[in-house]
Amino acid sequence: MLNKVHPPRPDWYEEFYASVMNKTMKSYEAEGKAEKVLEIGIGTGPNLNYYANVTDIQVFGMDPNKKMEKYAQAAAVAAGLPLTKFKFVQAVGEAIPLGDASVDAVVGTLVLCSVKDVDMTLQEVKRVLKPGGIYLFVEHVAAKDGTSLKFWQSVLDPLQQIVADGCHLTRETGKNISEAGFSGVDLSMAFLSNASLISPHVYGMACK
Ligand SMILES: C[S@@+](CC[C@H](N)C(=O)[O-])C[C@H]1O[C@@H](n2cnc3c(N)ncnc32)[C@H](O)[C@@H]1O
């Protein structure tokens with residue numbers, strides 16, 4: 001099958017192509033490397049695993065809850081991300097204490113359910129992103145109108161806000177992201193079978 005799909009090339013040709021790839025791909029990969037990443041509402045840091053293998057990365061983990069800091073720092077160290085590359089910042093998404101166009105990427109998972117003002121947070125995300133920077137998101141959103149899930153989400157929303165520190169079950173966050181003025185938004189929807197009330201989810205990427 002190997003020879004059928006990929007007929008043998010001369011040895012010198014394969015060696016030449018491999019060495020060109022080895023040289024050129026390094027600079028190509030470096031172009032896409034995110035050096036400064038901000039995670040909004042980082043919580044205990046479950047996403048830190050995904051940053052640890054990026055060289056020259058600086059991660060700002062932002063959360064208003066200072067008690068998250070020790071867990072996020074421990075998660076960073078456990079993931080192999082030294083604390084010199086990880087800084088916990090106590091702040092809210094509505095007022096990010098970073099300069100305009102100062103980060104390459106912003107990450108937010110399950111956080112726009114909890115912020116006070118979704119649109120203000122998205123404007124702040126755009127402000128701190130460099131031109132061409134990306135915003136990666138996973139958010140749980142309201143179920144479709146008329147479904148029993150939407151009914152229970154509406155009934156339990158006030159209780160959820162109390163027990164889960166301001167988390168809303170009925171936000172249509174996908175709409176907010178699509179209408180926030182990013183130059184491009186790639187948004188998908190997913191239903192996680194074990195997520196019950198906090199379902200469905202929107203996930204994707206927006207570009208400044
Ligand atoms: C459901 S937790 C998600 C934590 C983490 N992102 C994760 O995926 O596990 C929501 C987080 O948002 C934080 N949060 C609440 N209000 C916020 C705000 N206004 N701005 C930024 N983060 C906020 C909470 O402290 C909490 O850590």
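Keep in mind the model is a prediction, meaning the values are calculated, not measured. (Residues numbered from 1 in each chain as written. Predicted model: local features only at pLDDT ≥ 70, side-chain atom pairs only at ≥ 80, totals over all residues. Heavy atoms only, no water.)

### Side note on the site of the ligand
Rule in force here: Any residue with a non-hydrogen atom lying within 4 Å of a molecule or strand is treated as near it. Polar contact is defined as a pair of N or O atoms within 3.5 Å, subject to the rule that within protein one atom must be able to donate a hydrogen and the other to accept it, and that residues adjacent in sequence are counted only when both atoms are side-chain atoms. We get accessible surface area from the Shrake-Rupley algorithm with a probe of 1.4 Å; when it comes to residues, only the shown protein chains can shield them.
Near the ligand, the surroundings consist of 16 residues, among which Gly41, Asp63, Gly93, Glu94 and Thr109 are the closest. Measuring from an oxygen atom of the ligand, one finds a side-chain N or O atom of Thr109 at 2.6 Å. Within the complex, the protein chains bury 81% of what would otherwise be the 600 Å² of accessible surface of the ligand.

### A short note on the pairing of strand S3 (residues 86-89)
In the case of a regular strand, side chains alternate between the two sheet surfaces. So the rule is basically this: The rule for pairing is simple: two strands pair if DSSP sees at least two bridges between them. Helix and strand assignments come from DSSP, with helices taken as H or I runs of at least 4 residues and strands as E runs of at least 2, each series counted from the N terminus. Look down the strands so they point away from you; if the path from the first strand over the helix to the second goes clockwise, the crossover is right-handed.
Of the pairings in the sheet, the one linking strand S2 (residues 58-62) to S3 comprises four bridges and is parallel in character. Among the inter-strand pairings, Met62 is bridged to a residue of S3, identified as Val89. Note on the crossover from S2 through helix H3 (residues 68-78) to S3: the handedness is right-handed.

### Thoughts on the pattern of salt bridges
Put simply, the rule is: Put simply, a salt bridge is a Lys or Arg side-chain nitrogen that is within 4 Å of an Asp or Glu carboxyl oxygen. Three labels apply to residues, based on accessible area from a 1.4 Å probe with only protein chains included: buried if under 20% of the type maximum, exposed if over 50%, partly exposed otherwise in between.
Evaluated as defined, the whole model comprises six salt bridges. We note a salt bridge from Asp100 to Arg127, for which the minimum N-O separation is 2.8 Å. Taken together, the positions of Asp100 in the loop between S3 and strand S4 (103-109) and Arg127 in helix H4 (residues 118-128) put the pair 27 residues apart, joining distant regions of the chain. Its relative accessible area of 24% is what places Arg127 among the partly exposed residues. The partner of Lys175 in a salt bridge is Glu172, with the nearest N and O atoms 3.4 Å apart. Take Glu172: its relative accessible area is 36%, and that puts it in the partly exposed class.

### Focus on the environment of Leu159
Within the secondary structure, Leu159 is located in helix H5 (residues 148-163). You can call Leu159 partly exposed: its relative accessible area is 47%. A sequence separation of 140 residues divides Leu159 from Ser19, and the C-alpha atoms of the two residues are 60 Å apart.

### With respect to the side chain of Lys150
Just so we agree on the cut-off: It only takes one pair of heavy atoms within 4.5 Å for two residues to be counted as in contact.
One can find Lys150 in helix H5. Owing to a relative accessible area of 13%, Lys150 belongs among the buried residues under this scheme. Setting aside anything within four residues of it in sequence, one finds Lys150 in contact with Ala142, Ala143, Lys144, Asp145, Thr170 and Glu172.

### Details of the UniProt feature "domain: Methyltransferase type" (unreviewed entry) in the protein
Keep this limit in mind: UniProt positions are given in the numbering used here, feature names are shortened, and annotations may be inferred rather than shown by experiment.
The positions that UniProt labels "domain: Methyltransferase type" (unreviewed entry) are, in the present scheme, residues 38-137. Between the end C-alpha atoms of residues 38-137 there is a gap of 12 Å, over a span that is 22% helix and 28% strand.

### So, the sheet that holds S3
Put simply, the rule is: Helix axes are fitted to C-alpha atoms over the stretch in contact, other axes to C-alpha atoms as well, and angles between N-to-C directions run from 0 to 180 degrees.
Strand order in this open sheet of seven strands is S3-S2-S1-S4-S5-S7-S6, and the pairing throughout is mixed. At either margin of the open sheet sits one strand with a lone partner, and together these are S3 and strand S6 (184-190). Direction aside, neighbouring strands of the sheet carry axes that sit 15° apart on average. Pairing analysis gives six bridges linking S4 to strand S5 (residues 129-140), with the strands arranged parallel. Residue pairing in the sheet places Val106 in a bridge with Tyr135 of S5. Running at roughly 145° to S5, H4 makes contact with strand S1 (36-40), S4 and S5 of the sheet.

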